[in-house]
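# Secondary and tertiary structure notes
Spelled out, the chains give:
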Amino acid sequence: MRHRKSGRKLKRTASHRRATLAALSTSLLRHKRITTTIAKAKETRMVVEKIITRAKNAVAQKDAPAAGIHARREVGKLIKDRGVITELFSTIVEKVGSRPGGYTRIVRLGQRHGDGAEVAVIELVDFNTGQQAAEKPAAPAKKKVSRAARPGKAAAEKKEKKEEKEEKEEKEKKEKKEKKEKTPAKPKAKDESAQKAGNDESR
């Protein structure tokens, strides 16, 4: 039994777990918002909140610059990206200066497709990430049609058949017309016989 033992092993060895949490913490401080499993999010929160508190306390001690250097080196043991450390001790600490802890927020997203793992978003609260709802264009109001006025299935099928029949007839008429135009007109036999008779009389 694991009574009185805090933390999660995350099915990893100690070194692998440390590397995972370091990567997640770096990503969270860089992007201010990441998506991961709930177990990893809760473990990352514990690490990131301690790092931010250390940085905040170091910046607050303006009369002791050595404290700031020591804090940077301690944070650098876990966070290897110098750009992220610089941002932590400047931008992030400025934003969370008045907050007495609770710098992160975890929002559950439900189950992940595939393995069904519980997924969550972990974000820095003061950066308002994920709070601004995307403004969706207002959908046009649909005109309500009464149930009696709605065409039934049989009526719809009948209408469809009628339209198909009309299209077919129109197409046939068009084809006949085109065929008629293409065929050359033949001289009539009666006209020829009358012309012959006229010629004989004149002789």
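All residue numbers here refer to positions counted from 1 along the written sequence of the relevant chain. Local features are withheld for residues below a pLDDT of 70 in this predicted model, meaning they are given only at 70 or higher, and side-chain atom pairs are given and counted only at 80 or more; totals for whole chains, interfaces and linings count all residues. Side-chain measures here rest on the full set of heavy atoms in the structure, leaving out hydrogens and waters.

## A few points about the sheet that holds strand E1 (residues 33-37)
The three strands lie next to each other as E1-E3-E2, forming an open sheet whose pairing is antiparallel. Edge strands, defined here as strands with exactly one partner in the open sheet, are E1 and strand E2 (104-111). Strand-to-strand twist across the sheet, computed as the mean angle between neighbouring axes with direction ignored, equals 25°. Sheet topology places E1 next to strand E3 (residues 118-124); five bridges connect them, and they run antiparallel. Bridge assignment links Thr37 to a residue of E3, and that residue is Val119. Strands qualify as paired when DSSP identifies two bridges or more between them. Each helix is a run of DSSP H or I of at least 4 residues and each strand a run of E of at least 2, with the numbering of both proceeding from the N terminus. Fitting a line to C-alpha atoms yields each axis, with helices limited to the stretch in contact; the angle taken between N-to-C directions then spans 0 to 180 degrees.

## Let's talk about helix H3 (residues 65-76)
A helix is expected to span 1.5 Å multiplied by its residue count minus one. Taking 1.5 Å as the rise per residue, H3 with twelve residues should run 16 Å; its terminal C-alpha atoms sit 17 Å apart, in good agreement. Between buried and exposed lies partly exposed: a residue is buried under 20% and exposed over 50% of the maximum accessible area for its type, with that area taken using a 1.4 Å probe on protein chains only. Taken together, the buried positions of H3 are occupied by Gly68, Ala71 and Val75. Buried residues of H3, viewed axially, fall in a sector of 65°; they line one side. What points out from H3, more than 90 degrees from its buried face, is the exposed set Ala66 and Arg73. Considering only its buried residues, H3 is in contact with helix H2 (38-60) and helix H4 (82-95). Summarising the geometry, the arc corresponds to the directions from the helix axis toward the C-beta atoms. The criterion used for residue contact is that any of the two residues' heavy atoms lie within 4.5 Å.

## Re the packing of H3 against H4
To describe two helices that pack against each other, one gives the angle between their axes and the distance between the axes. Packing of H3 against H4 leaves a shortest axis separation of 11 Å and a crossing angle of 135°. One finds that H3 runs oblique with respect to H4. Every pair of crossing elements has a handedness; the one defined by H3 and H4 is right-handed. Only Ile85, Thr86, Leu88 and Phe89 of H4 make contact with H3, whose side of the interface consists of Gly68, Ala71, Arg72, Val75 and Gly76. Orientation labels follow simple angle bins: below 35 degrees gives roughly parallel, above 145 gives roughly antiparallel, 65 to 115 gives roughly perpendicular, and whatever is left gives oblique. Here a crossing is called left-handed whenever its near helix is offset anticlockwise from the far helix by less than a right angle, and right-handed whenever the offset is clockwise.

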